[in-house]
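Structural overview for review
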There are 4 protein chains.
Amino acid sequence: MKVIVEKDFEAMSETTKNILLGHMNQDKRVNLSITAGNTPVGVYKKMVEIVKDSPNYTNVHYYNFDEIPVAGQNEGITITDLRKLYLNPANIHEANIHPLTVENYAEQDKRLAMDGGLDAMLIGLGGDGHFCGNMPTTTRFENLTYKVKVSGEEPWFVPGEMEKGMEFVTMGPVSVMRVKHLILIVNGEKKAEMVKHVLQGSVTEKYPASILQLHPNLTVILDEEAASKLDRYV
Amino acid sequence: MKVIVEKDFEAMSETTKNILLGHMNQDKRVNLSITAGNTPVGVYKKMVEIVKDSPNYTNVHYYNFDEIPVAGQNEGITITDLRKLYLNPANIHEANIHPLTVENYAEQDKRLAMDGGLDAMLIGLGGDGHFCGNMPTTTRFENLTYKVKVSGEEPWFVPGEMEKGMEFVTMGPVSVMRVKHLILIVNGEKKAEMVKHVLQGSVTEKYPASILQLHPNLTVILDEEAASKLDRYV
Amino acid sequence: MKVIVEKDFEAMSETTKNILLGHMNQDKRVNLSITAGNTPVGVYKKMVEIVKDSPNYTNVHYYNFDEIPVAGQNEGITITDLRKLYLNPANIHEANIHPLTVENYAEQDKRLAMDGGLDAMLIGLGGDGHFCGNMPTTTRFENLTYKVKVSGEEPWFVPGEMEKGMEFVTMGPVSVMRVKHLILIVNGEKKAEMVKHVLQGSVTEKYPASILQLHPNLTVILDEEAASKLDRYV
Amino acid sequence: MKVIVEKDFEAMSETTKNILLGHMNQDKRVNLSITAGNTPVGVYKKMVEIVKDSPNYTNVHYYNFDEIPVAGQNEGITITDLRKLYLNPANIHEANIHPLTVENYAEQDKRLAMDGGLDAMLIGLGGDGHFCGNMPTTTRFENLTYKVKVSGEEPWFVPGEMEKGMEFVTMGPVSVMRVKHLILIVNGEKKAEMVKHVLQGSVTEKYPASILQLHPNLTVILDEEAASKLDRYV
């Protein structure tokens, strides 16, 4: 594991953008899986400036790694967010976008293998220790891409926001371990304790992201607040 | 994970030899870590016939992945066994042999990184679910190469054969996950139940080898007896 | 470049089979491009014994690297020969066979990139220094996959066997340089002089295969006769 | 080949820096070979800001790819320039610097293989079509790292600046083809014609850099002036 601590959100975003562009600028097909949410907003803003209308990135293909379907909508929450944050403003061709859905999830690992595997994946860390859709109590380390049916008993269940019986899909720990370069970004003081649990504590399904310690090529980029509880880092 | 089931010990050994030679015949430095013990005896016998006095394999470097020192002896049990089974009969140059010892274990992961990483590792499976020196009760999934001091309370402690307070070193789960191609060989009916636990059961430190389900490029070669309890394999 | 000299055709075929199986036994999609002709007959015979009706090689995909169409036939000379020698006796699924044709050759390099690139390619050497369909007088080192229209003036034109105006397609030097592991097999005394030109002489379009000296991961497997004119090899 | 055209020197330098950092930020030993001269000055200025006194780049090792010894000086022109432009201002540890010299050049290719190979190399283009020290009239495509003795008859010989009988060393075309990611940067109108020759013309020893068309993973970064004579680029 390589831990990079940057001064703030801006510097974290800049370094992350550099890493992603380092992959994208190669002379070969590059398969990227990228995260929705708030943490990567700065990264995508920087990338859009470079990628938009550029002829240089037609070799890059995009994959989401989890999805929550929405009743009455064609597309789920994750891909909708990715389109808004990055895919639309960067004018990515539809042929380069490969949505994971509740319908096709069972084929996701095979499809990725057929496409040559993921070169890089950008993920964030949940305050409860989740990564992708690998949540406490519903994650098994032996999972490939899988579907979860929410019972309402989960510690992260929020009545009103979520519904009992709702489903979502996610690439599992085994799927993520196959990514050639895994990039984890975390910012903010309120995640500092979980960063320590996950990167320097025991590997346990209680904090699913702790399994990432076993990834053979993991780069972690933190702002100083997120890194503030770590004992040491190299 | 790719599971290959062969008819018997002979066929398992032949396939394993082919895989190792596939790596060794490339035009680049190839770093191999290989196992001592009874399971690979057939593999090494076949390899010695090909490698002995051949000019074709000077690009191959050998590393042991665990070691048990022996009082009054220069070298430990593992490397002594490897010399007897393979390194001596194959006339491997001393410059291509990189022993892991109780003295240098703390540098093992860094040293491997400096040498370009392990291209392949051949391992076996213990009847109690161990791999390398990653034994039940003393293995933590977050371990790099580490040293164990035997308390005598371990479930695998055999009075007479082992001594309380003895030490051994082993590459840990994190170290093994970095190997580019991991090859696990198992034969015989008496390991069939453990093969099922480890390959198709939960990932748990109770059976340390269960973590191998997460390796991004794992080939398992079984004889029919060892595979006899598996539900399905592809 | 790594040069392996084996005693005879049988030993050359055995080593080549081992290298190919080393690739095929990995836990990922493996893309192979393989050669038609007489040189690989021994390799394919050995491989068919192992691959036929085995569940272990569904991850392997096959590509031909050149093709000569035949009037009135659905498929060309190369793929027809490959089906006879290997693909049919090994019962390879049609979904794993990716023919290069006069119709689709302009898409070959892009298609291979989309499939993750070729992991290995097995080629032979022509007595005139050609490799794949890269023939003297019609090869430019800067070629990707290209089509040749035979004028009848080429030094290798054989009236009666070939017709003026006939066409063929081949992956070019640039395409072959992208293969991750290139394996060249040559046997017999009558190619010994050309082996020396190509492996130890100047890089020149006069002997197209001389460009292979620049491949980053080339393994050459010769029988003793084919190696008999080499100055030294390691 | 992937050609990226940027507006100006500043944008070219920014993109190049991003690519190099993309490699350097990985969690493994990264071997870089970098160029001296004027073209990379902007790249190094940007990199020094990021790398200086950072704990994040101890995994990066540096190699020069050519050298011209200077009478009465410990170190040659290239490494002296690299120290001034980048290695000194970035405070790179001496243990991470691996000079190529007239004394050790014969071991360079083997040494690189032992270190795991070069992950990336940054090179420029000479106005006469040279790359590294691969000059017109003294370059053979079949060369590994080699030494040149200057006769004074070379078209690029500048009396006064150079002396007859002087020597230099350089990694050759075969050595450069082994680099995993090759990055070529060129700026300015006066190189535009040579850029066209080298990237879109015949592969010929007359313009040694034309061989780079055969590299399996080449990224070319040009400013608009350097790209102004290209027919098309994708």
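Residues numbered from 1 in each chain as written. Chains lettered and ligands numbered in written order. Predicted model: local features only at pLDDT ≥ 70, side-chain atom pairs only at ≥ 80, totals over all residues. Heavy atoms only, no water.

Taking an unreviewed UniProt entry as the reference, chain A is identified by name as Glucosamine/galactosamine-6-phosphate isomerase domain-containing protein belonging to Candidatus Enterococcus mansonii.

**Notes on the layout of surface pockets**
Think of a ball as big as a water molecule: rolled over the atoms, this probe shows where empty space is left. Residues and elements named next belong to chain B. Computed from the structure, the second largest pocket encloses a volume of approximately 1200 Å³. What lines the second largest pocket is a set of 37 residues, among which Asp-66, Ile-68, Ile-77, His-130 and Met-135 lie closest to the centre. Secondary-structure elements contributing two or more residues to the lining of the second largest pocket are β4 (66–67), α3 (77–87), β6 (120–124) and β8 (167–170). Per-element accounting of the lining of the second largest pocket gives the leading share, 3 residues, to α3. Each residue belonging to the lining of the second largest pocket can be placed in one class, and the counts come to 19 nonpolar, 11 polar and 7 charged. (1 Å grid on protein atoms, 1.4 Å probe; cavity = no way out; pocket = protein on both sides within 12 Å on 5 of 7 lines; lining within 4 Å. Points joined across faces, edges and corners; volume = space filled by probe spheres on them. Helix = DSSP H or I, 4+ residues; strand = E, 2+ residues; numbered from the N terminus. Nonpolar A, V, L, I, M, F, W, Y, C, P; charged D, E, K, R; others polar.)

**Description of the sheet that holds strand β5 (residues 97–98) of chain C**
Reading across the sheet, the 7 strands line up as β1-β10-β9-β6-β2-β3-β5 (chain C) and stay open at both edges, with parallel pairing between neighbours. Of all strands in the sheet, those bounded by a partner on one side alone are β1 (2–6) and β5 of chain C. (Pairing = 2+ DSSP bridges.)

**Thoughts on the side chain of C:Asn64**
Residue and element names in this part refer to chain C. Note on placement: Asn-64 falls in the loop between β3 (60–63) and β4 (66–67). From its side chain, Asn-64 meets the backbone oxygen of Asp-66 in a polar contact 3.1 Å long. For Asn-64, the side chain forms a polar contact with the main-chain nitrogen of Leu-100, separated by 2.7 Å. What Asn-64 contacts, discounting residues up to four positions off in sequence, is Ser-33, Ile-34, Thr-78, Ile-79, Leu-82, His-98, Pro-99, Leu-100 and Gln-108. (Polar contact = N/O pair within 3.5 Å; in protein donor to acceptor, adjacent residues only side chain to side chain. Contact = heavy atoms within 4.5 Å.)

**Focus on the UniProt feature "domain: Glucosamine/galactosamine-6-phosphate isomerase" (unreviewed entry) in chain A**
In the UniProt entry, the feature "domain: Glucosamine/galactosamine-6-phosphate isomerase" (unreviewed entry) is given for residues 11–213 of chain A. With 28% helix and 15% strand, residues 11–213 of chain A has its two end C-alpha atoms placed 24 Å apart. (UniProt positions renumbered as here; feature names shortened; annotations may be inferred.)

**A closer look at the interface of chain D and chain A**
Chain D puts 25 residues into the contact, and the matching count from chain A is 25 residues. Summed over both sides, the interface of chain D with chain A buries roughly 2000 Å², with 39% coming from carbon and sulfur. Ranking the residues of chain D by area buried against chain A places D:Lys2, D:Asn25 and D:Asp27 at the top, with a combined share of 31%. Taken together, the connections running from chain D to chain A amount to 2 salt bridges. Salt-bridge contacts for A:Lys17 lead to D:Glu14; the nearest nitrogen and oxygen are separated by 3.7 Å. Linking chain D to chain A there are 16 residue pairs in polar contact (both at pLDDT 80 or more). (Buried area = accessible area lost by both parts, 1.4 Å probe. Salt bridge = Lys/Arg side-chain N within 4 Å of Asp/Glu carboxyl O.)

**As for the packing of helix α2 (residues 41–51) of chain B against α3(B)**
All names here are of chain B. Following both chains from N to C, one finds α2 and α3 inclined at 55°, their axes separated by 9 Å at the closest point. Classified by the angle between their axes, α2 and α3 sit oblique to one another. Contact with α2, carried on its side by Val-41, Tyr-44, Met-47, Val-48 and Val-51, involves Leu-82, Leu-85 and Tyr-86 of α3 and no other residues of that element. Residue composition of the contact of α2 with α3, by class: 8 nonpolar, no polar and no charged. (Axes fitted to C-alpha atoms, helices over the stretch in contact; angles between N-to-C directions. Parallel < 35°, antiparallel > 145°, perpendicular 65-115°, else oblique.)

**Re the relation of the copies chain D and chain A**
A rotation about some axis, followed by a shift along it, carries one copy of the chain onto the other. With an RMSD of 0.0 Å, the fit of chain D onto chain A corresponds to turning through 180° and sliding 0.0 Å along the axis. On the angle and the small slide along the axis, the relation comes out as a two-fold axis. Minimal C-alpha distance to the rotation axis in chain D is attained by D:Gly22, lying at 2.0 Å. (Least-squares fit on C-alpha atoms with pLDDT ≥ 70 in both.)

**As for the sheet that holds strand β10 (residues 218–223) of chain B**
All names here are of chain B. With respect to topology, 7 strands assemble into an open sheet ordered β1-β10-β9-β6-β2-β3-β5, the strand pairing being parallel. Since the sheet does not close on itself, it has two edges, and those belong to β1 (2–6) and β5 (97–98), each with one partner. This element, helix α1 (residues 9–24), spans β1, β2 (30–33), β3 (60–63), β6, β9 (181–186) and β10 of the sheet and lies at about 165° to β9.

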